[in-house]
Amino acid sequence: MLLVSSLFAGADWPTNRGNPERTGNTDQLPGPKTAGISWAYKAQENFIATPVVNGKFLYVSSLGAFNTGQFHALSTEPVIAERMLWTKSAPYLKLPTVSAPAIVGGLMYFGDGMHQTDGAILHCLQPESGLPIWDYAVPGHLVHMEGSPAVVKGHVFIGGGDAGVVCVDSNALTLDKKEIDLAAATTLIQNKWKELTAKFEQDKKNNPDLALPPSEDSLPRPSPKLLWQQGKGKWHVDASVNVVGDKVLVASAFLPDEKTGDCALICLNAADGANAWETKLKYNPWGGASIAGNLALVACSSIRFDKKDIKGAAGEVVAIDIASGAIKWRKEIPGGVLSPVAVKDELAVFTGTDGKVYCFTHATGEQRWVYEAKNPFFAGPAVAGGYAYVADLKGTAYSLNLGDGTPQWIFDVSNDPGIRIPGMFFGSPVVAGGRVYLNTCNLESEIEQPMVVVCIGERDPSLDKPKEHLTLDKASRTITIPCRIAPRKLATLKEIYPIEVVAAFGAPKGQKAHETVLVYDVLPSDVHKALEQLGLKPGQPARGESDPATGPIVKLSLQLPGFNGKPRLIPMEKTLVDKRTGKLMPPLQWHFTGSSWRQLDPDKPEKTYAADVTGTLITVFPVTDETVFQSNLTMKEEPWLKMDTNLNLLPDENTSATLVIQVP
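Below or above, wherever it landed, is the structure these notes cover. Keep in mind that this is a model prediction, so the values were computed, not measured.

1. Concerning the overall build of the protein
- For the protein, the helix and strand inventory stands at three helices and 47 strands.
- Seen along its three principal axes, the alpha-carbon backbone of the protein occupies a region of about 85 × 60 × 45 Å.
- The contacts in the protein between residues at least 6 apart in sequence include a share of 59% that link residues at least 24 apart.
- Element-wise, carbon and sulfur atoms account for 53% of the exposed surface of the protein, whose accessible area totals about 27,000 Å².
- With 64 positive and 72 negative side-chain charges, the protein shows a spacing of 3 Å between the two charge centroids.

See the structure below:
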């Protein structure tokens, strides 16, 4: 029996899925007995990789607009004012990022690049602050680091696509061609960051308009020592490597279009990268190898993570003796097995694109049970406390009894009232602290919509209904809505965007929360219904450079506290000013257009009032047709009107106010 647990003791997360058995759990605690949304974080990003939990931090990588790399640290606290703790994007991340991190000894490691990108960087940061410590660049064609690193005794192992496998020493660094140890480098970087931050604070006092925040590009950039590299130009390694004892298990794929790589599982010596054995495989081992005693269980598939290729996909799980490379058993599956097998005690659990969850005895390959979910799986299982947790491509999560596969609960995450957006689960679930963590993507969707990172646990009752309600006064034909002055700078964004809407859900729930005047909590469809009770019929919203919006004209105003205790009623246009000229927005007409409708699930005929999903209530320009009100402006005026909030008129951000809708 090969002993592996001693290498990965403690609260660290040193390899893909937390351990060589790929269980997605390190504390042995089961997930919740019933499923509810404890919290949800929405963003216009595709969350591809599995999330990683470390204490009160949840780490997620994602693809932003145009596949830009994003990496976030979120709080796992059920209730918190700001879910986002820190974030990384351009210019620090120069490539798309789909690597889930490894965390060991107060340092975090992840790679960047994906699919067709060339050249990649292995990053090392402090997990609590996000402060960069070192990076290691690997150049080359079709070089990218999609899988998680494995970290053992300060040595970091990671696959690099056509670069094969790279092993570096995290403790032996070079800076300006001089050797420096990790502790000295960390102190140097921390002191430099304090210096840059202090200078910024002083610059803000001296000349706030010209003060520039500190840039991580100004920090020293040490590089770790390369211990060895194997398989360059021969293998194509996108799956996470696995380290067991003195051996490194490498899953290499063959790319038919690029005519590169070798379809095999390779065993290397951890000390020097020497090749111990190589076993050819029938299908590409995209899921990599999981450790089951003396066996490596390899997840294989004829297709990649591509939804359009699911029909006709095939796969298998292959058990290979770690000492010799001999195949002990193999099981063909009528679907691809794209994510790692989870091994617990004598059981091996995995998912297939055929919509089934399988449980085998890992020593013999004997089938113990099969659960038919019907919807395809890309994500693999997490196993904890006697249960397997899986999530499919329709946005449904399952808790299955590990003994016989019977469901403890089935939870339609995407259609939950606290989510209300469709999404596919590509990244496998993680179970930590009695909760299940998942994130969604919509890579193939033609509809612009947010994705979500979700915590399944004790249900947050505030997600079931809006926090505030509108008031309809039929006698005066007036609707009033509680609102707040919106922040103009979101912590997740590097810049302040021009105003394009007037009222939206707040961040991160609102799709337009970064370019609005007001934030609110009522449902836009309730506003629509209230207007219909006053006898109005919606017109047609505009979008892009189409014809202008149509519909009954209403008067929109903002009610603010007055200086003498009496409220002030301000026309909505006066809340906007052109930041280039200082001129107020000219008078506008506001049309009750009503929102477009959206079919959230293509397999179900039901449609949803789209503004309830995006949270946009009033738009200045026709940037979206998922709204209730639009002005008479078109996109032709947008280049000439770069609007911002009128700070001479509006109170401080987050000040309570009232949106007033008057119907003539």
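2. Quick notes on the sheet that holds strand β6 (residues 102-104)
- The four strands are arranged β6-β7-β8-β9 in an open sheet whose pairing can be described as antiparallel. Edge positions in the open sheet fall to β6 and β9 (132-138), since each of these has one partner strand only. Mean inter-strand twist for the sheet, computed between neighbouring axes without regard to direction, equals 15°.
- As paired strands, strand β7 (residues 107-111) and strand β8 (residues 120-125) are joined by four bridges and run antiparallel to one another. Each bridged residue has a counterpart across the sheet, and for Tyr109 the counterpart in β8 is Cys124.
- Against the sheet, helix α1 (residues 182-206) contacts β7 and β9, and its axis sits at roughly 115° relative to β9.

3. A few points about helix α2 (residues 524-533)
- Within α2, the full set of buried residues consists of Pro524, Ser525, Val527, His528, Ala530 and Leu531.
- Just downstream of α2 lies Gly535, where phi reads positive at about 95°.

4. Digging into the packing of aromatic side chains
- In total, this model carries 22 aromatic pairs according to the counting rule given.
- An angle of 35° between the planes, with centres 6.0 Å apart, marks the rings of Phe305 and Phe426 as tilted. Residue Phe305 is found in the loop between β20 (295-301) and β21 (315-321), and its partner Phe426 is found in the loop between β30 (407-412) and β31 (430-432); the two are separated by 121 residues along the sequence.
- By relative accessible area, which is 34% here, Phe305 ends up partly exposed.
- Seen in terms of ring centroids, Phe378 and Phe426 are 5.1 Å apart; in terms of plane orientation they differ by 70°. Their pairing is edge-to-face. Separated by 48 residues along the polypeptide, Phe378 in the loop between β26 (367-372) and β27 (382-384) and Phe426 in the loop between β30 and β31 bring together distant segments of the chain.

5. Remarks on the side chain of Asp162
- Inspection of the secondary structure assignment puts Asp162 in the loop between β11 (155-159) and β12 (165-175).
- No salt bridge is formed by the buried Asp162, whose closest oppositely charged neighbour, Arg304, lies at an N-O distance of 9.4 Å.
- A polar contact of 2.6 Å, which involves the side chain of Asp162, links it to the side chain of His236.

6. Regarding the environment of Glu332
- Position of Glu332 among the secondary structure elements: in strand β22 (residues 327-333).
- Considering only alpha carbons, one finds Glu332 and Val318, 14 residues apart in sequence, at a separation of 8.7 Å.
- Look past the residues within four positions of Glu332 in its chain and what remains in contact with it is Lys282, Tyr283, Gly315 and Glu316.
- A polar contact is formed between the side chain of Glu332 and the side chain of Lys282, at a distance of 3.0 Å.

7. Considering the sheet that holds β31
- Strand order in the open sheet formed by four strands is β1-β33-β32-β31, and the pairing between neighbours is antiparallel. The strands lining the two open edges of the sheet, one partner per strand, are β1 (37-43) and β31. Averaged over neighbouring strand pairs, the angle between their axes works out to 20° when direction is ignored.
- Here six bridges tie β1 to strand β33 (residues 451-456), and the two strands are oriented antiparallel to one another. Looking across to β33, one finds that Ala40 is bridged to Val454.

8. Let's talk about unusual backbone geometry
- The omega torsion across Ala90 and Pro91 is 5°, close enough to zero to call that bond cis.
- Residue position: Pro91 is located in the loop between β5 (84-88) and β6.
- In this structure, Arg477 takes a positive phi of about 55° despite not being glycine.
- The topology assignment puts Arg477 in the loop between β34 (471-473) and β35 (478-485).
- Classification of Arg477 by relative accessible area gives partly exposed; the value is 28%.

Cut-offs used in this document
Residues numbered from 1 in each chain as written. Predicted model: local features only at pLDDT ≥ 70, side-chain atom pairs only at ≥ 80, totals over all residues. Heavy atoms only, no water. Helix = DSSP H or I, 4+ residues; strand = E, 2+ residues; numbered from the N terminus. Contact = heavy atoms within 4.5 Å. Areas by Shrake-Rupley, 256 points an atom, 1.4 Å probe, with all protein chains shown as cover. Lys, Arg positive; Asp, Glu negative; His and termini not counted. Charge placed at Lys NZ, Arg CZ, Asp CG, Glu CD. Pairing = 2+ DSSP bridges. Axes fitted to C-alpha atoms, helices over the stretch in contact; angles between N-to-C directions. Buried < 20%, exposed > 50% of the residue type's maximum accessible area, 1.4 Å probe, protein only. Phe/Tyr/Trp six-rings, centres within 6.5 Å; stacked < 30°, edge-to-face > 60°. Salt bridge = Lys/Arg side-chain N within 4 Å of Asp/Glu carboxyl O. Polar contact = N/O pair within 3.5 Å; in protein donor to acceptor, adjacent residues only side chain to side chain.

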